[in-house]
Amino acid sequence: MSKTKLSSLGQAPLVLRLTDLGLVSSRPRKRVFATRLADLVDISDAITLSDFFAQLDGVSASPQPIEPSASDSVFAQHRSAMRASIDASFVTDDRQQVIEGKKTFELPTASKNTLSAPEATGRYERFYSLHQSELERRVAQLRKALIEHLQHKSDALAQVAAVEVALGPMLVKYSRHCFAKLPKLVGQRFEHLRQHQHQQDWLAGEPQSWLQAGGWLAQFHDEVQHLLHAELTLRLQPLEGMLSCLSSEDPLGKNA
């Protein structure tokens, strides 16, 4: 099975899980955050950011501060909903799974014909991509809410929010580039397990047995489910930093 280097995602659980599955060739080397961030900024963006930082001291907090508990609650609700949406997609019985009034994405149908067809791999890649799009949308909603909370907390945190808004487009573009590699890796993993099953008992086996505990397809579904949760964890890390600022008495470490 071919491997891909994901040198840009750091030592996150997602990378460690991909390494364990044999989908990445090595763990990325550590680099200074400022250096990594600078690599994402071209000359045009650098000029724009320079002008932005020259005016940053003029940013002040909006009136009516928001209680820290409200930020914790918003974060927990969004995270719980995203986790539930992932898990609901992997229920393999006939129950209709609905999260917040919206039907979740369904796993590709498991039958001999569908699993042996050339387009089977593409179906799983699209399934993963649909989840990615939904995670990006929900994380963006949560990010917007936390930025608003920062803007109401204090002048210092309002400036942090302004920096977050200024850097956001560059970081979103970068993260999309990184995460876009994952569906293909999921497809590679499916092909690997499917080919192994061909060598074992593809003709004699039945899809329902493959979905039972210990079956190759059940194993693959479990791996994909864990990958989605690991990706969610990685996507939420910057937002957890924002939440930490909102919950701290000394969010910027001025008294350290």
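Residues numbered from 1 in each chain as written. Predicted model: local features only at pLDDT ≥ 70, side-chain atom pairs only at ≥ 80, totals over all residues. Heavy atoms only, no water.

### Overview of the overall build of the protein
Piece 1. Counting its regular elements, the protein contains ten helices and two strands.
Piece 2. Along the chain direction, N to C, the helices and strands of the protein fall in the order α-α-α-α-β-β-α-α-α-α-α-α.
Piece 3. The buried share among the 256 residues of the protein stands at 38%.
Piece 4. Summing over all exposed atoms, the protein offers an accessible surface of approximately 14300 Å²; the carbon and sulfur share of this is 51%. (Helix = DSSP H or I, 4+ residues; strand = E, 2+ residues; numbered from the N terminus. Buried < 20%, exposed > 50% of the residue type's maximum accessible area, 1.4 Å probe, protein only. Areas by Shrake-Rupley, 256 points an atom, 1.4 Å probe, with all protein chains shown as cover.)

### Some thoughts on the side chain of His131
Piece 1. In this structure, His131 sits in helix α6 (residues 120–153).
Piece 2. Overall, the relative accessible area of 2% leaves His131 in the buried class.
Piece 3. Each residue touching His131, except ones within four places of it in the same chain, is listed here: Ser85, Ile86, Ser89, Phe105 and Leu228. (Contact = heavy atoms within 4.5 Å.)

### Digging into the pattern of salt bridges
Piece 1. A complete count under the given rule lists nine salt bridges for this structure.
Piece 2. The salt bridge involving Glu134 is made with Arg138; its shortest N-O contact spans 3.0 Å. Residue Glu134 and its partner Arg138 are located together in helix α6, separated by four residues, close to a single helical turn.
Piece 3. Linking Glu191 and Arg194 is a salt bridge whose minimum nitrogen-to-oxygen distance equals 2.5 Å. A residue pair is termed a helical-turn pair when its members lie 3 or 4 positions apart in one helix, as Glu191 and Arg194 do in helix α8 (residues 182–200) at three residues.
Piece 4. Judged by its relative accessible area of 5%, Arg194 falls in the buried class.
Piece 5. One salt-bridge network, in which partners are shared between bridges, spans Glu134, Arg137 and Arg138. (Salt bridge = Lys/Arg side-chain N within 4 Å of Asp/Glu carboxyl O.)

### What to know about the confidence of the model for the protein
Piece 1. Mean pLDDT over the protein stands at 82; residues scoring 70 or higher make up 80%.
Piece 2. Averaged over each element, pLDDT in the protein is lowest for strand β1 (residues 98–99) (54) and highest for α6 (94).
Piece 3. Overall, residues 5–10 carries pLDDT values under 50, and its contacts beyond four positions in sequence, including any with other chains, amount to 20 contacts. (pLDDT = per-residue confidence, 0-100.)

### Considerations on the packing of α6 against helix α10 (residues 216–247)
Piece 1. Remark: α6 packs on α10, axes separated minimally by 10 Å, with the N-to-C direction vectors making an angle of 15°. As the angle between them shows, α6 and α10 are arranged roughly parallel. Classified by chirality, the crossing of α10 by α6 is right-handed.
Piece 2. Its residues assigned to classes, the contact of α6 with α10 shows 21 nonpolar, four polar and five charged. (Axes fitted to C-alpha atoms, helices over the stretch in contact; angles between N-to-C directions. Parallel < 35°, antiparallel > 145°, perpendicular 65-115°, else oblique. Left-handed = near helix turned anticlockwise from the far one by under 90°. Nonpolar A, V, L, I, M, F, W, Y, C, P; charged D, E, K, R; others polar.)

### Some thoughts on the environment of Phe105
Piece 1. One can find Phe105 in the loop between β2 (102–103) and α5 (112–116).
Piece 2. For Phe105, a relative accessible area of 21% translates into the label partly exposed.
Piece 3. Distance from Phe105 to Ser85, taken between C-alpha atoms, is 8.5 Å for residues 20 residues apart in sequence.
Piece 4. Setting aside its immediate chain neighbours within four residues, Phe105 contacts Ser89, Phe127, Leu130, His131 and Glu134.

### Concerning helix α1 (residues 13–20)
Piece 1. Of the residues making up α1, those classed as buried are Leu14, Val15 and Leu18. Each buried residue of α1 lies within a common arc of 95° when the element is viewed along its axis, so the set occupies one face. (Arc of directions from axis to C-beta.)

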